[in-house]
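These are the residues of each chain, in order.
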Amino acid sequence: MENFTENMIDIVQKIPAGKVMTYGQIAREAGNPRAARQVARLLHSLSDKYKLPWHRVINSKGEISLSGERLESQKGLLEQEGVQFSRSNKINLTVYRHL
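Residues numbered from 1 in each chain as written. Predicted model: local features only at pLDDT ≥ 70, side-chain atom pairs only at ≥ 80, totals over all residues. Heavy atoms only, no water.

Asks: Sorry if this is basic, but what is going on with the overall build of the chain here?
Replies: Helix and strand counts for the chain come out as five helices and two strands. When the helices and strands of the chain are read in sequence order from the N terminus, they spell out α-β-α-α-β-α-α. Against the compact-globule benchmark of 13 Å for 99 residues, the chain has a radius of gyration of 13 Å, which places it among compact chains. Out of the 99 residues in the chain, the part that is buried amounts to 42%. (Helix = DSSP H or I, 4+ residues; strand = E, 2+ residues; numbered from the N terminus. Rg over C-alpha atoms; globule rule 2.2 N^0.38 Å. Buried < 20%, exposed > 50% of the residue type's maximum accessible area, 1.4 Å probe, protein only.)

Have a look at this one:
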């Protein structure tokens, strides 16, 4: 496994309940600031295997990037952890961003 992938897994596993990180933030912390899309792909393929809290990862606008049922699932999981959304379904990154 590549260092970037290992770092990404470690970072995502450490996001505490009630907090979020952005794809780009994780990419920077994992060692490649231009790899936000790679973070998304890795989350998709590795979340079950490594029991990653994938729902705590959002985009840089404070929004969920998924759509339909998957958006509602992610939003529900975050709300269960106390994360609040604005009327426009945004998360206040000043309040909820980890690190």
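Asks: For this particular structure, what's the right way to read helix H2 (residues 23-30)?
Replies: Owing to its 3.6 residues per turn, the α-helix brings residues three or four apart onto one side. Judged by how many residues are buried, H2 sits mostly within the fold: six of eight residues are covered. Every buried residue of H2 is accounted for by Tyr23, Gly24, Gln25, Ile26, Ala27 and Ala30. Summarising the contacts, the buried residues of H2 are in contact with helix H1 (3-13), strand S1 (21-22), helix H3 (36-50) and strand S2 (57-58). (Contact = heavy atoms within 4.5 Å.)

Asks: Help me out: how do you make sense of the side chain of Gln74 in this one?
Replies: In this structure, Gln74 sits in helix H4 (residues 68-80). Gln74 gets classed as buried once you look at its relative accessible area, which sits at 1%.

Asks: Honestly, the side chain of Gln25 in this entry has me stumped. Any pointers?
Replies: Relative to the assigned elements, Gln25 resides in helix H2. Reaching out from Gln25, the side chain makes a polar contact with the backbone oxygen of His98 at a distance of 2.7 Å. (Polar contact = N/O pair within 3.5 Å; in protein donor to acceptor, adjacent residues only side chain to side chain.)

Asks: I keep staring at the packing of H1 against H3 and nothing clicks. Help me out?
Replies: Packed helix pairs are specified by the crossing angle of their axes together with the interaxial distance, meaning the distance between the axes. At a minimum axis distance of 11 Å, the contact between H1 and H3 shows a crossing angle of 70 degrees. The orientation of H1 relative to H3 falls into the category roughly perpendicular. At the point where H1 passes H3, the crossing takes the right-handed sense. Here Phe4, Thr5, Met8, Ile9, Val12 and Gln13 of H1 come into contact with H3, specifically with Gln38, Val39, Leu42, Leu43, Leu46 and Tyr50. Split into classes, the residues belonging to the contact of H1 with H3 amount to nine nonpolar, three polar and no charged. (Axes fitted to C-alpha atoms, helices over the stretch in contact; angles between N-to-C directions. Parallel < 35°, antiparallel > 145°, perpendicular 65-115°, else oblique. Left-handed = near helix turned anticlockwise from the far one by under 90°. Nonpolar A, V, L, I, M, F, W, Y, C, P; charged D, E, K, R; others polar.)

Asks: Where do I start with the nonpolar core in this structure?
Replies: Looking at soluble globular proteins, one finds that nonpolar side chains tend to be buried together. One finds Phe4, Met8, Val12, Ile26, Val39, Leu43 and Val57 to be the most contacted residues of the largest nonpolar core, which totals 18 residues. Listing elements by their share of this core, those giving two or more residues are H1, H2 and H3. It is H1 that contributes the most residues to this core, five residues altogether. Those residues in contact with Val12 that sit more than four places away from it in its chain are Ile26, Leu43, Leu52, Pro53 and Val57. In terms of nonpolar packing, the next biggest core, distinct from the first, is built from ten residues, Ile58, Ile64, Ile91 and Tyr96 among them. (Core = buried A, V, L, I, M, F, W, Y, C linked by side-chain atoms within 4.5 Å.)

This is a description of form; function is not addressed.
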